[in-house]
Amino acid sequence: MLLLISPDGIEEALACAKAAEHLDIVDVKKPDEGSLGANFPWVIREIRDAVPADKPVSATVGDVPYKPGTVAQAALGAAVSGATYIKVGLYGCTTPEQGVEVMRAVVRAVKDHRPDALVVASGYADAHRVGCVNPLALPDIAARAGADAAMLDTAIKDGTRLFDHVPPDVCAEFVRRAHASGLLAALAGSVKQADLGPLTRIGTDIVGVRGAVCSGGDRNAGRIQPHLVAAFRAEMDRQAREHAADVPALN
Ligand SMILES: O=C[C@H](O)COP(=O)(O)O
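Residues numbered from 1 in each chain as written. Predicted model: local features only at pLDDT ≥ 70, side-chain atom pairs only at ≥ 80, totals over all residues. Heavy atoms only, no water.

Let us look at the pairing of strand β1 (residues 2-5). In terms of strand pairing, β1 meets strand β8 (residues 206-209) through 4 bridges, oriented parallel. Counterpart to Leu2 in the pairing with β8 is Ile206. Note that β1 and strand β2 (residues 25-28) share 2 bridges and pair parallel. Its bridge partner lying in β2, Ile5 is registered against Val26. Traced from β1 through helix α1 (residues 10-18) to β2, the parallel crossover comes out right-handed. (Pairing = 2+ DSSP bridges. Helix = DSSP H or I, 4+ residues; strand = E, 2+ residues; numbered from the N terminus. Right-handed = clockwise from strand over helix to strand, strands pointing away.)

So, in structure tokens, the structure goes:
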């Protein structure tokens with residue numbers, strides 16, 4: 001399982017750089033503009049320059065409306081700025097067809113510019129609270145659009161977590177559907193160390209985290225701390241070892 005950490009600017013990106021050995025993807029975000037709030041192109045560029053070259057930089061394009069042209073142009077902006085994972089939060093899409101339309105436009109805009117960039121279609125575990133597409137529809141939306149990964153995050157950051165809205169067995173179905181379509185499965189949403197056991201067991205490819213590695217566990221007032229990133233990774237590694245030891249026993 002890969003660890004994706006979301007700094008809100010250059011200062012936290014430098015904290016990520018200090019903890020680079022413990023993380024896999026640096027995900028540029030602007031949390032005060034929403035759960036998948038988009039940051040400025042110059043911030044993405046600055047962060048790309050600041051983190052080790054072997055760490056991919058991801059950028060969120062925002063909690064986007066159902067406006068394929070607007071979103072495609074924003075996605076290209078993130079790719080031009082140096083991000084090689086482009087994440088789109090399908091906040092304003094109320095049907096799978098709308099999600100496919102937006103994501104097809106994003107895939108074309110991004111891959112015409114950079115064919116090796118990975119496009120991530122993100123939905124929301126708490127979709128029922130904001131009126132967007134059902135979480136389990138995401139793998140099919142991503143696959144039909146030619147994206148590379150399906151993701152879930154939480155739309156409303158009120159302390160509730162991924163598993164409060166989409167329990168582990170439903171997340172397992174999400175991962176199964178993503179893998180059946182040849183996609184990566186990414187999961188996030190106020191994930192804590194205690195969630196890493198189930199996330200590992202269901203075969204999650206990428207776990208996205210911010211609050212759990214910020215001081216005080218606070219994604220808004222807290223700041224990303226290298227020692228918390230290291231501790232989070234240590235628990236991921238422990239769970240991976242435990243799972244590896246369990247698998248033969250189950251066969
Ligand atoms: O993409 C991952 C998100 O930044 C997760 O943030 P969170 O752990 O504070 O919910």
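The topology assignment puts His165 in helix α7 (residues 162-165). By relative accessible area, which is 18% here, His165 ends up buried. A distance of 2.9 Å separates a polar atom in the side chain of His165 from a polar atom in the side chain of Thr160. Beyond its immediate stretch of four places on either side in the chain, His165 contacts Ala125, Asp126, His128, Arg129, Thr154 and Thr160. (Buried < 20%, exposed > 50% of the residue type's maximum accessible area, 1.4 Å probe, protein only. Polar contact = N/O pair within 3.5 Å; in protein donor to acceptor, adjacent residues only side chain to side chain. Contact = heavy atoms within 4.5 Å.)

Okay, the site of the ligand next. Surveying the vicinity of the ligand reveals 16 residues, the closest of which are Lys29, Lys157, Ser190, Gly211 and Arg219. The side chain of Lys87 places a nitrogen or oxygen atom 3.1 Å from an oxygen atom of the ligand. When the ligand is considered free in solution it has 310 Å² of accessible area, and contact with the protein chains removes 99% of it. Listed by contribution, the elements that provide at least two residues to the shell around the ligand are β6 (149-153) and β8. For the shell around the ligand, the class distribution of residues is 4 nonpolar, 5 polar and 7 charged. (Near = heavy atom within 4 Å. Areas by Shrake-Rupley, 256 points an atom, 1.4 Å probe, with all protein chains shown as cover. Nonpolar A, V, L, I, M, F, W, Y, C, P; charged D, E, K, R; others polar.)

Another aspect to go through is the pattern of salt bridges. With the rule as written, the count across this model stands at 25 salt bridges. When the shortest N-O distance is used, the salt bridge between Asp32 and Lys30 registers 3.1 Å. A relative accessible area of 65% places Asp32 in the exposed class. Where Asp153 meets Lys157, a salt bridge forms, and the shortest distance between an N and an O atom there is 2.6 Å. Through salt bridges with shared partners, a single ionic network connects Asp8, Glu11, Glu12, Arg210 and Arg223. (Salt bridge = Lys/Arg side-chain N within 4 Å of Asp/Glu carboxyl O.)

Our focus in this paragraph is the packing of α1 against helix α2 (residues 41-50). Contact pair α1 / α2: the axes reach a minimum separation of 10 Å and the direction vectors enclose 25°. Judged on the interaxial angle alone, α2 and α1 are roughly parallel. In this structure, α1 meets α2 at a crossing whose hand is right-handed. Residues Ile10, Ala13, Leu14 and Ala17 of α1 lie in contact with α2, whose contacting residues are Glu46, Ile47 and Ala50. The residue makeup of the contact of α1 with α2, split by class, is 6 nonpolar, no polar and 1 charged. (Axes fitted to C-alpha atoms, helices over the stretch in contact; angles between N-to-C directions. Parallel < 35°, antiparallel > 145°, perpendicular 65-115°, else oblique. Left-handed = near helix turned anticlockwise from the far one by under 90°.)

Turning our eyes to something else, we now look at the UniProt feature "active site" (unreviewed entry) in the protein. UniProt feature "active site" (unreviewed entry): in the numbering of this structure it lies at Lys29 and Lys87. Sequence-wise these annotated residues cover 59 residues; spatially they are packed, their C-alpha atoms never more than 10.0 Å apart. Position of Lys29 relative to the elements: it lies in the loop between β2 and α2. Overall, Lys29 belongs to the buried group, its relative accessible area being 3%. The residues touching Lys29, leaving out its near neighbours within four places in the chain, are Ser6, Pro7, Asp8, Ser35, Leu36, Gly37, Asn39, Thr60, Lys87, Asp153 and Arg219. (UniProt positions renumbered as here; feature names shortened; annotations may be inferred.)

Considering all chains together, one arrives at 2 aromatic pairs under this definition. Taking the centre distance of 4.8 Å and the plane angle of 5° together, the rings of Phe40 and Trp42 count as stacked. Judged by its relative accessible area of 35%, Phe40 is partly exposed. Where Tyr91 meets Tyr124, the ring centres are 5.6 Å apart and the plane angle is 85°; that geometry is what we call edge-to-face. Taken together, the positions of Tyr91 in the loop between β4 (85-89) and α4 (96-113) and Tyr124 in strand β5 (residues 118-124) put the pair 33 residues apart, joining distant regions of the chain. Tyr91 gets classed as partly exposed once you look at its relative accessible area, which sits at 35%. (Phe/Tyr/Trp six-rings, centres within 6.5 Å; stacked < 30°, edge-to-face > 60°.)

Turning our eyes to something else, we now look at the side chain of Lys55. Its place among the elements puts Lys55 in the loop between α2 and β3 (57-63). Discounting chain neighbours no more than four positions away, the residues touching Lys55 are Ala20, Leu23, Asp24 and Arg48.

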